[in-house]
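Secondary and tertiary structure notes
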Amino acid sequence: MSVHPTPSGWSEVSFEDRMALVDFRLSSRAHITVDGDACRGCTTKACVTACPANLFVPVSDGSIVFNYEQCFECGTCYLVCDESGAITWTYPDGGHGVVFHKS
Ligand code: SF4
Ligand code: SF4
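Residues numbered from 1 in each chain as written. Chains lettered and ligands numbered in written order. Predicted model: local features only at pLDDT ≥ 70, side-chain atom pairs only at ≥ 80, totals over all residues. Heavy atoms only, no water.

Focus on the overall build of the chain
- On a plain count of helices and strands, the chain comes out with four helices and eight strands.
- Walking the chain from its N terminus toward its C terminus, one meets helices and strands in the order β-β-α-β-β-α-α-β-β-α-β-β.
- Oriented by its inertia axes, the alpha-carbon framework of the chain measures out at about 40 × 40 × 20 Å.
- Within the chain, the proportion of its 103 residues that are buried is 33%.
- Partitioning the contacts of the chain with sequence separation of at least 6, the portion at a separation of at least 24 is 62%.
- For the chain, the exposed surface amounts to about 6600 Å²; the carbon and sulfur share of it is 54%.
- Charged side chains of the chain number 6 positive and 12 negative; the gap between the two group centres comes to 5 Å. (Helix = DSSP H or I, 4+ residues; strand = E, 2+ residues; numbered from the N terminus. Buried < 20%, exposed > 50% of the residue type's maximum accessible area, 1.4 Å probe, protein only. Contact = heavy atoms within 4.5 Å. Areas by Shrake-Rupley, 256 points an atom, 1.4 Å probe, with all protein chains shown as cover. Lys, Arg positive; Asp, Glu negative; His and termini not counted. Charge placed at Lys NZ, Arg CZ, Asp CG, Glu CD.)

Describing the site of ligand 1
- If you check the shell around ligand 1, you find Cys39, Cys42, Lys45, Ala46, Cys47, Ile64, Cys81, Glu83, Ala86 and Ile87 and nothing else.
- Considering only residue class, the shell around ligand 1 consists of eight nonpolar, no polar and two charged. (Near = heavy atom within 4 Å. Nonpolar A, V, L, I, M, F, W, Y, C, P; charged D, E, K, R; others polar.)

Some points on the site of ligand 2
- Around ligand 2, 14 residues are found, and the nearest of them are Cys51, Cys71, Cys74, Gly75 and Cys77.
- Considering only residue class, the shell around ligand 2 consists of 11 nonpolar, two polar and one charged.

With respect to the nonpolar core
- Of all hydrophobic cores here, the largest spans 18 residues; its most connected members are Ile32, Leu55, Phe56 and Phe66.
- Every element with two or more residues in this core is listed here: strand E6 (64–66) and strand E7 (87–89).
- Ignoring anything within four residues of it in the chain, the contact list for Phe66 reads Ile32, Val34, Leu55 and Phe56. (Core = buried A, V, L, I, M, F, W, Y, C linked by side-chain atoms within 4.5 Å.)

Side note on the packing of aromatic side chains
- According to the stated counting rule, one finds four aromatic pairs in the structure shown.
- Arranged with centres 6.3 Å apart and planes meeting at 25°, the rings of Phe24 and Phe72 form a pair that is stacked. On the criterion of sequence distance, the pair formed by Phe24 in strand E3 (residues 22–25) and Phe72 in the loop between E6 and helix H4 (76–80) is long-range, its members being 48 residues apart.
- Given the relative accessible area of 22%, Phe24 is considered partly exposed.
- Take Phe72: its relative accessible area is 11%, and that puts it in the buried class.
- For the pair Trp89 and Tyr91, a centre-to-centre distance of 4.9 Å together with 85° between the ring planes defines the contact as edge-to-face. (Phe/Tyr/Trp six-rings, centres within 6.5 Å; stacked < 30°, edge-to-face > 60°.)

Digging into unusual backbone geometry
- Phi at Asn54 is positive, roughly 55°, even though this residue is not glycine.
- Tracing the sequence through the fold places Asn54 in the loop between helix H3 (46–50) and strand E5 (56–58).
- Owing to a relative accessible area of 46%, Asn54 belongs among the partly exposed residues under this scheme.
- Notably, Glu73 is not glycine yet its phi reads approximately 65°, a positive angle.
- On the basis of relative accessibility, which here comes to 18%, the residue Glu73 falls in the buried class.

Below you can see the structure in the form of structure tokens.
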């Protein structure tokens, strides 16, 4: 795994290396949904930079396109979202979701 020094001194793990540490057992039910209409008035779009899996994509009309399939289930998007009701967050159904490898 390659690491990159940062000004803070913390090592940054590349996106590719991050994704190599996990598998996803896909569920047909989306455990997170995003109301793109609610996102149009959002000035921060904090989810876009905060999601470690890069699952939030801003589009030209101000809304967001979201895909739940490679979600780490970290909850960061729900914490940083400043628009009440924009994100509906649950865990995946049993036996589904992210599987973390040891290394
Ligand atoms: S932070 Fe919340 S309201 Fe803003 S774009 Fe992301 S999901 Fe939408
Ligand atoms: S729970 Fe984490 S990985 Fe999943 S969409 Fe939210 S920020 Fe991204």
